[in-house]
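Chain by chain, the residues:
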Amino acid sequence: MRKRAAAAVAADHADAVDRDGRFPFEAFEAIRARALMGVMVPKDLGGEGASLREVADICYALGSACASTGMIYAMHQTKLACVIRHGRNAPWHENLLRQICDRQLLMASSTTEGQGGGNIRSSVAAVERLGSTISLDRAATVISYGEQADGVVTTARRAADALNSDQVLVVFLKENYSLEPIVGWNTLGMRGTCSAGFKLKARGEAEQILPEPYEKIHVQTMMPTAHIFWSSVWAGVAASAVERARLFLRNAARHSAGQLPPGAAHYTSAAMNLKTLRALISASIQRFEGADEATAASIPFQTSMNMLKVEASEKAVSIAHSALRACGLAGYRNDGDYSISRALRDALSSPIMINNDRILGNLTSSALLDETPLSLTD
């Protein structure tokens, strides 16, 4: 299968990507060679019309091979989902989708800005208009793989006199903008995402703004697809740790007449929690695919999709940690076939990627409105 072939290439270079903190060039060469960049684009625009579940499964496979590769792919597909759903029948955006399929373009995301951090529902920089042309100057504290991308999808205030929450989503291709580095990226994990900060200076045409307001895009598409795809990557990272622990225990048993090491019980916890995480993601995909516009805007739906991110990220860390304890010193080492080091370091990024505390804090008021269920069927 194409995803497994691409994942195999990503796995071959994952240690080097992590060690050097560099973009996973080889993995994306393999992904592009297998035409996986635009699989979700509708068939009439040159894609394959792949489902959300199919794309999430690719994220899982890539995440299990190389977390950075999986996360970059997930962020790219999230941007595509927004353009596909909210740029349909807009000529510029439909042409963009054709180009992504034809040229296998990689789209970056810019939603983090200035002191606002991970509050992506507030923008400081505004789109400036002069006739049919637009400009945007933005201090983006994070643009993952910004220097390697072929374009960027960014939030911005609708106009200079608009509120910070009155946002639009704009697409710029590489020839439309320049990047000036302002923040580096030397981190514990997810090192290959190259999530540095830049001053983004962009110029383009007004038609590059998605026609629907970002408030609608965020609720219906951006947030739920991002959380589904990110969670799929984290589940893949956790799965790689579980598999290493399994192989370690099997090897240990073969060399000690079937006697398992002291930490073997932690493997059971890791494996069962991985099953729970996979089921959680699958249920969230089913919920998203069955949601109409009114359901997608409802508090219960929005809460469940936000909680997917929180629960998946916490479980990914717990699973990787349990796998480490199952392997003992062999898992603690940075070298060797049973090292859990990279998986654990990569998983630790998940609770702080749009901080879980921020999400939980924002959900508290709405959560207080729900009465505690009195039975299992309520």
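Please refer to the structure higher up on the page.
In what follows, the accompanying structure is described. Predicted, not measured: the structure shown is a model, and the values here were computed from it.

A short note on the sheet that holds strand S4 (residues 151-157)
The three strands are arranged S1-S4-S5 in an open sheet whose pairing can be described as mixed. The sheet is open, and its two borders are formed by strand S1 (107-110) and strand S5 (167-173), each paired with just one other strand. The mean angle between the axes of side-by-side strands here comes to 25 degrees, regardless of whether they run parallel or antiparallel. Bridge count between S4 and S5: seven bridges; the pairing is antiparallel. Residue pairing in the sheet places Gly 151 in a bridge with Leu 173 of S5. Across the sheet, helix H5 (residues 91-103) lies against S1 and S5, angled at about 45 degrees from S5, the strand it touches most. Seen against the sheet, helix H6 (residues 214-254) touches S4 and S5 and runs at an angle of roughly 80 degrees to S5.

What about helix H7 (residues 264-289)?
The end-to-end C-alpha distance of H7, which contains 26 residues, comes to 39 Å, matching closely the 38 Å that a straight helix rising 1.5 Å per residue would cover. Taken residue by residue, H7 has Ala 264, Tyr 267, Ala 270, Ala 271, Leu 274, Leu 277, Ile 281, Ser 284, Ile 285 and Phe 288 as its buried positions. In this structure, the buried side of H7 is in contact with helix H3 (52-65), helix H4 (67-86), H6 and helix H9 (299-327).

Focus on the pattern of salt bridges
The full count for this structure, using the stated rule, is 16 salt bridges. The shortest N-O distance in the salt bridge between Arg 19 and Asp 20 comes to 3.2 Å. Of the residues examined, Arg 19 reaches a relative accessible area of 56% and is grouped as exposed. Asp 335 is paired through a salt bridge with Arg 333; the nearest N and O atoms lie 2.8 Å apart. Each of Asp 44, Arg 88 and Glu 94 takes part in one network of salt bridges that share partners.

With respect to the environment of Asp 346
Tracing the chain through its elements places Asp 346 in helix H11 (residues 341-347). With 279 residues separating them along the chain, Asp 346 and Ala 67 place their C-alpha atoms 6.6 Å apart. Here Asp 346 is in contact with Ala 67, Gly 189, Met 190 and Val 237, once residues within four sequence places are set aside.

Here's the deal with the side chain of Gln 302
Considering the arrangement of structural elements, one finds Gln 302 in helix H9. Here the side chain of Gln 302 touches Ala 296 through a polar contact of 2.6 Å, landing on its backbone oxygen. With sequence-adjacent residues up to four places away left out, Gln 302 is seen in contact with Val 219, Met 223, Ala 296 and Ala 297.

Comments concerning helix H12 (residues 356-367)
Spanning 12 residues, H12 covers 15 Å between terminal C-alpha atoms, matching the ideal 16 Å at 1.5 Å per step. Those residues of H12 that sit buried are Asn 356, Ile 359, Leu 363 and Ser 366. For H12, the buried positions fall inside an angular range of 80 degrees around the axis, keeping them on one side. Facing away from the buried side of H12, by more than 90 degrees, are the exposed residues Asp 357 and Ser 365. Looking at the packing, one finds that the buried side of H12 touches H9. The distance from a side-chain oxygen at the start of H12 to the backbone nitrogen of Asp 357 is 2.8 Å, and the residue carrying that oxygen is Asn 355.

Describing the nonpolar core
Tyr 73, Ile 228 and Phe 229 are the most contacted members of the largest nonpolar core, which has 121 residues in total. By residue number, the principal contributor to this core is H6, which donates 19 residues. Sequence-distant contacts of Phe 229, that is, excluding residues within four places in its chain, are made with Met 40, Leu 52, Val 55, Ala 56, Cys 59, Ala 74, Gln 77 and Thr 78.

Quick word on the environment of Phe 229
Relative to the assigned elements, Phe 229 resides in helix H6. In this structure Phe 229 comes out as buried when scored by relative accessible area, which is 0%. In sequence terms Phe 229 and Thr 364 are 135 residues apart; their C-alpha atoms lie 24 Å from each other.

Things to note about the pairing of S5
Among the seven residues in S5, seven count as buried, and that is most of the element. Residues Gln 167, Leu 169, Val 171 and Leu 173 point to one face of S5 and Val 168, Val 170 and Phe 172 to the other, with burial holding for every one of them.

Some words on the environment of Glu 29
One can find Glu 29 in helix H2 (residues 25-33). Spatially, the C-alpha atom of Glu 29 lies 9.2 Å from that of Val 9, the residues being 20 residues apart in sequence.

What counts and what doesn't
Residues numbered from 1 in each chain as written. Predicted model: local features only at pLDDT ≥ 70, side-chain atom pairs only at ≥ 80, totals over all residues. Heavy atoms only, no water. Pairing = 2+ DSSP bridges. Helix = DSSP H or I, 4+ residues; strand = E, 2+ residues; numbered from the N terminus. Axes fitted to C-alpha atoms, helices over the stretch in contact; angles between N-to-C directions. Contact = heavy atoms within 4.5 Å. Expected span 1.5 Å × (residues − 1). Buried < 20%, exposed > 50% of the residue type's maximum accessible area, 1.4 Å probe, protein only. Salt bridge = Lys/Arg side-chain N within 4 Å of Asp/Glu carboxyl O. Polar contact = N/O pair within 3.5 Å; in protein donor to acceptor, adjacent residues only side chain to side chain. Arc of directions from axis to C-beta. Core = buried A, V, L, I, M, F, W, Y, C linked by side-chain atoms within 4.5 Å.

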